[in-house]
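Working through the structure, step by step
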Amino acid sequence: MELKVVKFGGTSMADAKAINQVAKIIESDPSRRYVVVSAPGKRFSQDHKVTDLLYACYHDLEINGECKATFAKIRERFCGIVSDLGLDMDICAELDRVEQDMVKFRSAEFCASRGEYLSAKIAACRLGMPFVDAKNIVLFDEEGAFLAEETNERVGAVLKQHKQAVIPGFFGADAMGNVHTFSRGGSDITGAVIARAVRASLYENWTDVSGFMTADPRIVPNPAPIAMLSYRELRELSYMGANVLHPESIFPVRTSNIPINIRNTFAPADRGTMIVAEVPADCVHEDIITGVAGKKGYSIVFIEKSMMNSELGFARRVMSVFEYYNISFEHMPSGIDTLSIVVADNELAGKEEVLLDRIRKTVAPDHIEIKQGISLIATVGHGMSFHPGTAAKLCGALAQANINIRMIDQGSSELNIIVGVSTTDYERAIDAIYRAFKG
């Protein structure tokens, strides 16, 4: 029998109307048995996400020792949802306990997790399903590291006792009962963890868009939707800014070969995007690229030294300096006498001069400088390896648009080509690449 785990994002839980739509989707398919929910998101552009309000509560607690004014907004939001849904539940008592515990524990992670907790309580009441607290089944160690195998065993054992259940996303707890959270957007990870543990046939991730687009619709008007992509393509696109799904959420389901279906809560008839281990060969050959995505905010540490290629351990010594200052890098293209290290600006912030000085002392370069204002664009697709001239076509499109390539890097798997361009050319570059491959 088919078994689906379904996760609903913040916009799907934003108000009573959206939650009723969620209930309609779940009730339309009996195989949708385990439900993971996020905290309520924005109802309109100027609205606040509940999670943001909860972080503000923690800030108030740190500064003033109480958070009544900010928590009043959260209280009003949840009371309004319960009232509009017409539910027979004592939400006031739940909110009182949450506020008291936030003051008691004064933990940023605990405060942030209460949006999902309350959202799941409401969803369970609306759906008539048992509520299973993620605190009891999603396990972390005392340092806040997720315990994947222990969680898989615990979730499987607990949910075996429930034919259906609603579970809050985003958080879990350590052996002492202290709440820990995944990174922001981590309810996607919770959904994948549950899907793996119950051996789901499908993990449906419901959001406010009908799957992945081949490019950012804010840059390219009406980009083509992506019907199917692989886990690896998803990782590349998500990491480079296609933020439909948390990039870490694929790991639990990938180990069990469980497909993910990205669906639109507000357009449930749309098929969305199917994410699978391997895209069928006929689909791979049909399109050269799967999608284009990018991110702003990078710099290039450019190093030049004659005979660099014959100097044993040169790159290792350079990277040891980055490690010393706890700076992660993104890419490291090189030439015979040159080495470029691409780094996110937030990694470099405040460390530029000490980094350059230490590199000079470590490898004595002929020239070193930091080139700022760089954006990275990834062109991704399994089909690229079957079509000679893909890189030439990409570079030609940028040249025709009069855009200079500051850096280029292609993986040996030919799954992606990453180019660095000036941030002032970022939007035009994505548009030029998209049009070259998609028309």
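Whatever comes next refers back to the structure up there.
These numbers were taken from a predicted model, which means no experiment stands behind them. The written sequence of each chain sets the order in which its residues are numbered from 1. Confidence filtering applies because this is a predicted model: local features only for residues at pLDDT of at least 70, side-chain atom pairs given and counted only at 80 or more, and all residues used for totals across whole chains, interfaces and linings. The side-chain figures draw on all heavy atoms in the structure; neither hydrogens nor water molecules are used.

1. Remarks on the overall build of the chain
Numbered from the N terminus, helices here are DSSP runs of H or I no shorter than four residues, and strands are runs of E no shorter than two. Along the chain, the regular secondary structure elements total 15 helices and 14 strands. In this setup the radius of gyration rests on C-alpha atoms only. A globule is expected at 2.2 Å times the number of residues raised to 0.38. Its C-alpha radius of gyration of 24 Å places the chain within 12% of the 22 Å reference for a compact globule of 439 residues. The buried label applies to any residue whose accessible area, calculated with a 1.4 Å probe on protein chains only, is under 20% of its type's maximum; exposed applies above 50%, and partly exposed to all values in between. Taking all 439 residues of the chain together, 50% fall into the buried category. Two residues qualify as a contact provided that any one of their heavy atoms is within 4.5 Å of a heavy atom in the partner residue. Sequence-distant contacts in the chain: of pairs separated by 6 or more residues, those separated by 24 or more amount to 74%. When charges are counted, Lys and Arg contribute as positive and Asp and Glu as negative, whereas His and the chain ends are disregarded. Positions of charges follow a simple convention, taking NZ of Lys, CZ of Arg, CG of Asp or CD of Glu. Where the 47 positive side-chain charges of the chain centre and where its 56 negative ones centre are 3 Å apart.

2. Points about the pairing of strand E3 (residues 165-168)
The two faces of E3 match: Ala165 and Ile167 on one face and Val166 and Pro168 on the other face are all buried. Of the strand pairs in this sheet, strand E2 (residues 32-37) and E3 are connected by four bridges, and their pairing is parallel. Bridge pairing in E3 places Val36 opposite Ile167. Two strands pair under a simple rule: DSSP has to find at least two bridges between them.

3. Some details on the packing of helix H1 (residues 16-27) against helix H3 (residues 68-85)
All axes are obtained by fitting lines to C-alpha atoms, using only the stretch in contact for helices, and the reported angles, taken between N-to-C directions, cover 0 to 180 degrees. Contact pair H1 / H3: the axes reach a minimum separation of 9 Å and the direction vectors enclose 55°. As far as their axial angle goes, H3 and H1 are oblique. As for how H1 packs across H3, the hand of that crossing is right-handed. Here H1 contributes Ala16, Ile19 and Asn20 to the contact with H3, which in turn contributes Ile81, Asp84 and Leu85. Per-class residue counts for the contact of H1 with H3 are four nonpolar, one polar and one charged. Roughly parallel means an angle under 35 degrees; roughly antiparallel, over 145; roughly perpendicular, 65 to 115; everything else is oblique. Helix crossings get a hand from a simple test, with the near helix turned counterclockwise from the far one by less than a right angle marking a left-handed crossing and a clockwise turn marking a right-handed one. Charged residues are taken to be Asp, Glu, Lys and Arg, nonpolar residues to be Ala, Val, Leu, Ile, Met, Phe, Trp, Tyr, Cys and Pro, and polar residues to be all remaining types, Gly included.

4. Let's talk about the sheet that holds E3
An order of E3-E2-E1-E6-E8-E9-E7 is seen for the seven strands of this open sheet, with the pairing classed as mixed. Edge strands, defined here as strands with exactly one partner in the open sheet, are E3 and strand E7 (228-230). Taken pair by pair, the neighbouring strands of this sheet meet at an average axis angle of 20°, ignoring direction. Relative to E3, helix H5 (residues 108-127) is tilted by about 165°, and along the sheet it contacts E2 and E3. In the packing of helix H8 (residues 231-239) onto the sheet, contacts are made with E7, strand E8 (260-264) and strand E9 (273-276), and the angle to E7 comes to roughly 90°.

5. Observations concerning unusual backbone geometry
Located in the positive-phi region is Arg106, a residue other than glycine, with phi close to 50°. By the secondary structure assignment, Arg106 is in the loop between helix H4 (91-105) and H5. On the accessibility criterion, Arg106 (38% relative accessible area) is partly exposed.

6. A look at the sheet that holds strand E14 (residues 416-422)
A sheet is described by the order of its strands in space; here five strands give the open sequence E11-E10-E12-E14-E13, paired in antiparallel fashion. At either end of the open sheet lies a strand with only one pairing partner, and these are strand E11 (338-344) and strand E13 (407-410). Each neighbouring strand pair of the sheet contributes to a mean axis angle of 30°, computed without reference to strand direction. Bridge analysis of strand E10 (residues 291-304) against strand E12 (residues 367-380) gives 11 bridges, and the strand direction is antiparallel.

7. Remarks on the packing of aromatic side chains
Two aromatic rings from Phe, Tyr or Trp, using only the six-membered ring of Trp, form a pair when their centres are within 6.5 Å; if the ring planes differ by under 30 degrees the pair is stacked, by over 60 it is edge-to-face, and anything between is tilted. For the structure shown, the criterion picks out seven aromatic pairs. A ring pair is formed by Phe8 and Trp206, whose centres lie 5.9 Å apart and whose planes are at 20°; its orientation type is stacked. Here the residue Phe8 occupies a position in strand E1 (residues 4-8), and Trp206 occupies one in strand E6 (residues 202-207), the gap between them amounting to 198 residues. Aromatic rings pair up to connect Phe140, Phe146 and Phe182 into one cluster. Only lysine NZ and arginine CZ atoms are considered, and such an atom sits over a ring when it is within 6 Å of the ring centre and within 35 degrees of the ring normal. Above the plane of the ring of Tyr117 lies Arg114, whose end atom (NZ or CZ) is 4.6 Å from the centre. Over the ring of Phe171 we find Arg114; its NZ or CZ atom is 5.1 Å from the centre of that ring.

8. Here's the deal with the pattern of salt bridges
Every case where a carboxyl oxygen of Asp or Glu lies within 4 Å of a side-chain nitrogen of Lys or Arg is listed as a salt bridge. Summed over the entire model, instances satisfying the criterion amount to 23 salt bridges. Note that Arg43 and Asp47 form a salt bridge whose closest N and O atoms lie 2.6 Å from each other. We note a salt bridge from Glu311 to Arg317, for which the minimum N-O separation is 2.5 Å.

9. Description of H1
For H1, built from 12 residues, the straight-helix expectation of 16 Å at 1.5 Å per residue is met to within 8% by its first-to-last C-alpha distance of 16 Å. Of the residues making up H1, those classed as buried are Ala16, Ala18, Ile19, Val22, Ala23, Ile25 and Ile26. Polar contacts, as counted here, are pairs of nitrogen or oxygen atoms within 3.5 Å of one another; within protein the pair requires one atom able to donate a hydrogen and one able to accept it, and residues that are adjacent in sequence qualify only if both atoms are side-chain atoms. Where H1 begins, the capping side chain belongs to Asp15, and its oxygen is found 3.3 Å from the backbone nitrogen of Lys17. Given the number of residues in a helix, its expected span is that number minus one, multiplied by 1.5 Å.

10. As for the pairing of E12
As paired strands, E12 and E14 are joined by seven bridges and run antiparallel to one another. Within E14, the residue paired with Leu376 across the bridge is Gly420.

11. Quick notes on the packing of H3 against H4
Relative orientation of the contacting elements H3 and H4 amounts to 155°, with a least axis distance of 10 Å. Taken together, the axes of H3 and H4 are roughly antiparallel relative to one another. Where H3 crosses over H4, the handedness of that crossing is right-handed. Every residue of H4 that contacts H3 at Lys68, Phe71, Arg75, Phe78, Cys79 and Val82 is listed here: Ile91, Cys92, Leu95, Asp96, Val98, Glu99 and Met102. Here the contact of H3 with H4 is built from residues that sort into nine nonpolar, no polar and four charged.

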